Amino acid sequence: MVDDTPRPMGRLGSTYGLKGYLKVQSFTEQPANLFDYSPWFIRRRGEDWREVQVEAWKPHNDGFIVKLDAANVKEEAALLTGMDIGIKRSSLPAPADDELYLVDLEGCTVIGLNGVNLGVVSRVVDQGAAPYMVVSPSDQTQGVPQQRLIPYVKGPIVTRVDLAAHKIWVEWGEDY
């Protein structure tokens with residue numbers, strides 16, 4: 001069972017206008033897709049998620065602006081700037097057979113070269129050319145007290161993923 005805690009899919013930016021609109025930064029592959037998911041949850045890092053409803057949204061310049069039920073005037077919207085926008089996994093459409101959501105990798109055991117258990121994926125970070133898995137060490141990896149950062153690149157690094165078994169096989173040595 002996949003954890004249904006909201007996952008960051010965007011961020012609220014600066015205020016826009018006097019009626020409580022905010023600029024939106026979308027982390028989805030197609031930025032407008034963020035508005036297809038409901039409900040939204042917002043939070044500041046380290047705080048709990050709270051549910052909000054999108055009342056209106058529209059394209060603006062190279063991005064979007066949104067009106068949330070939590071803000072009716074500019075001053076209320078200003079309190080929301082910088083908050084993460086979260087979407088529950090259950091609100092997302094099912095991926096195609098040959099695709100997956102990176103969030104589904106969390107909790108999977110990572111098996112490296114020679115069948116060594118490298119640890120468990122604690123989170124996946126997508127900030128550039130390729131996402132990377134943050135892998136917490138296992139009891140089998142000796143002398144590696146810190147987390148590993150393993151790029152999620154299908155083929156040369158990630159050779160197989162079995163979400164049903166919660167396992168990921170990688171071309172990665174325990175001494176890397």
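Counting restarts for each chain, with residues numbered from 1 along the sequence as it is written. Residue-level local features of this predicted model are given only where pLDDT is at least 70; pairs of side-chain atoms are given and counted only at 80 or more, and the full residue set underlies all totals for whole chains, interfaces and linings. In computing side-chain values, all of the structure's heavy atoms are included and hydrogens and water are not.

For the protein, the name recorded in an unreviewed UniProt entry is Ribosome maturation factor RimM, with Candidatus Anaerobiospirillum pullicola as its organism. In UniProt, the protein has this text filed under Sequence similarities (unreviewed entry): "Belongs to the RimM family." For the protein, the Function (unreviewed entry) comment in UniProt is given as "An accessory protein needed during the final step in the assembly of 30S ribosomal subunit, possibly for assembly of the head region. Essential for efficient processing of 16S rRNA. May be needed both before and after RbfA during the maturation of 16S rRNA. It has affinity for free ribosomal 30S subunits but not for 70S ribosomes." UniProt positions are given in the numbering used here, feature names are shortened, and annotations may be inferred rather than shown by experiment.

Before going further, it helps to spend a moment on the sheet that holds strand E12 (residues 158-162). A strand pair is defined by DSSP finding two or more bridges across the two strands. Each helix is a run of DSSP H or I of at least 4 residues and each strand a run of E of at least 2, with the numbering of both proceeding from the N terminus. What the six strands build is an open sheet, ordered E11-E10-E9-E8-E13-E12; its pairing is mixed. Edge strands, defined here as strands with exactly one partner in the open sheet, are strand E11 (148-151) and E12. Between one strand axis and the next, the sheet turns through 35° on average, direction left out of account. The angle between two axes is taken between their N-to-C directions and runs from 0 to 180 degrees, where each axis is a line fitted to C-alpha atoms and a helix contributes only its stretch in contact.

This paragraph deals with the UniProt feature "domain: RimM N-terminal" (unreviewed entry) in the protein. Taken from the UniProt record, the annotation "domain: RimM N-terminal" (unreviewed entry) applies to residues 9-90. The straight-line gap between the two end C-alpha atoms of residues 9-90 is 14 Å; of that span, 6% is helix and 46% is strand.

Read from one edge to the other, the open sheet built from seven strands follows the order E4-E3-E7-E1-E2-E6-E5, with strand pairing classed as antiparallel. Edge positions in the sheet fall to strand E4 (50-52) and strand E5 (54-60), since each has one partner strand and no second. Sheet twist, expressed as the average angle between the axes of neighbouring strands with direction ignored, equals 40°. Pairing analysis gives three bridges linking strand E3 (residues 40-43) to strand E7 (residues 84-87), with the strands arranged antiparallel. Looking at the pairing, Phe 41 lines up with Gly 86 of E7.

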